[in-house]
Amino acid sequence: SAVISQKPSRDICQRGTSLTIQCQVDSQVTMMFWYRQQPGQSLTLIATANQGSEATYESGFVIDKFPISRPNLTFSTLTVSNMSPEDSSIYLCSVAPPGGPGNTIYFGEGSWLTVV
Amino acid sequence: TQLLEQSPQFLSIQEGENLTVYCNSSSVFSSLQWYRQEPGEGPVLLVTVVTGGEVKKLKRLTFQFGDARKDSSLHITAAQPGDTGLYLCAGARGNTGKLIFGQGTTLQVKP
């Protein structure tokens, strides 16, 4: 398994501002992902954070809105830019440690953002 | 298009009852994972199933992966109030690490 720490765990943000969420893993992992969970909804993949190169975004998500950094194999950041109330969600970092069955994916505790 | 249909979406039962949650798809998955999530927290992995027809047990929870690897079920025996939470199934394709989630099942077990 992997221990995943996210910061902040919660924040209340003003409309139009940007917030950066950090994800730290206790071991080196190749695969790291960012998901969004809107209120009362399931999880949706935002992007794959690639170490040393630009993130790969899923349909409906763009780099200008959700810039991602991955400077090494244990750390990544997700920025939510120019926030609006529709961005109020839990943002979750996940990793696939090597050796797990079927690329088992583990999640951090999430960063709960409320935009006012 | 929702590729993984999870049902039921809401379930409220009495302590001691049994229940089954289903995840169905027309697509084949290389593996399927079940998570449990409590309010304000991230999903916690319960099990990963990889082989078609595989059955895994975790105390009172039984997980099954369909023979064709398109569907899965979670059966809880003698549910307890501590089982209350959001149960999520998620399918993986290949070795990309990307997961497709079902809509989730909110389970409430009343004492």
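Preceding this paragraph is the structure being described.
Here's what I pulled together on the structure shown here. Source: prediction; values computed, not measured.

What to know about the layout of surface pockets
In this structure, the largest pocket spans a volume of roughly 880 Å³. In this structure, the largest pocket is lined by 40 residues; those nearest its centre are Q37(A), Q41(A), S42(A), L43(A) and Q103(B). Secondary structure elements with two or more residues in the lining of the largest pocket: β4 (31–37), β5 (43–49), β9 (89–96) and β11 (111–115) of chain A together with β9 (85–92), β10 (99–101) and β11 (105–110) of chain B.

Observations regarding the state of the cysteines
Residue and element names in this part refer to chain A. Using the criterion set out here, one finds two disulfides over all chains in the structure. The residue that forms a disulfide with C23 is C93, at a sulfur-sulfur distance of 1.9 Å. Here the S-S torsion is close to -65 degrees, and the disulfide linking C23 with C93 is therefore left-handed. Of the two residues, C23 is situated in strand β3 (residues 19–25) and C93 in strand β9; the sequence distance between them amounts to 70 residues.

Focus on the sheet that holds strand β6 (residues 55–58) of chain B
Residues and elements named next belong to chain B. Reading across from one edge, β1-β3-β8-β7-β6 is the order of the five strands in this open sheet, with antiparallel pairing throughout. Both edges of this open sheet fall to β1 (5–7) and β6, since each of them pairs with a single strand only. Recorded for the sheet is a direction-independent mean angle of 15 degrees between the axes of neighbouring strands. Pairing of β1 with strand β3 (residues 19–24), which is carried by three bridges, proceeds in the antiparallel orientation. Along β3, the bridge assignment pairs Q6 with C23.

A short note on the side chain of S81(A)
Residue and element names in this part refer to chain A. Here S81 lies in the loop between β8 (75–80) and β9. Under the relative-accessibility criterion, S81 is labelled buried at 14%. If near-sequence neighbours (up to four positions away) are discounted, S81 is found in contact with T17, S18, D64, K65, P67 and D87.

Digging into the pattern of salt bridges
Tallying each qualifying case throughout the model produces five salt bridges over all chains. For E58(A), the salt bridge identified is with K98(B), shortest N-O distance 3.0 Å. One end of the pair, E58(A), is in the loop between β6 (56–57) and β7 (68–72); the other, K98(B), is in the loop between β9 and β10, on a second chain. Residue classification places E58(A) among the partly exposed residues on the basis of a relative accessible area of 23%. The class for K98(B) is partly exposed, based on a relative accessible area of 28%. The residue D83(B) makes a salt bridge to R60(B) at a minimum N-O spacing of 2.9 Å. Residue D83(B) is found in the loop between β8 (71–76) and β9, and its partner R60(B) is found in the loop between β6 and β7 (61–65); the two are separated by 23 residues along the sequence. With relative accessibility at 8%, the residue D83(B) sits in the buried group. For R60(B), a relative accessible area of 25% gives the class partly exposed.

Here is what the cut-offs are and how they apply
- Residues numbered from 1 in each chain as written.
- Chains lettered and ligands numbered in written order.
- Predicted model: local features only at pLDDT ≥ 70, side-chain atom pairs only at ≥ 80, totals over all residues.
- Heavy atoms only, no water.
- 1 Å grid on protein atoms, 1.4 Å probe; cavity = no way out; pocket = protein on both sides within 12 Å on 5 of 7 lines; lining within 4 Å.
- Points joined across faces, edges and corners; volume = space filled by probe spheres on them.
- Helix = DSSP H or I, 4+ residues; strand = E, 2+ residues; numbered from the N terminus.
- Disulfide = S-S within 2.5 Å.
- Pairing = 2+ DSSP bridges.
- Axes fitted to C-alpha atoms, helices over the stretch in contact; angles between N-to-C directions.
- Buried < 20%, exposed > 50% of the residue type's maximum accessible area, 1.4 Å probe, protein only.
- Contact = heavy atoms within 4.5 Å.
- Salt bridge = Lys/Arg side-chain N within 4 Å of Asp/Glu carboxyl O.

This is a description of form; function is not addressed.
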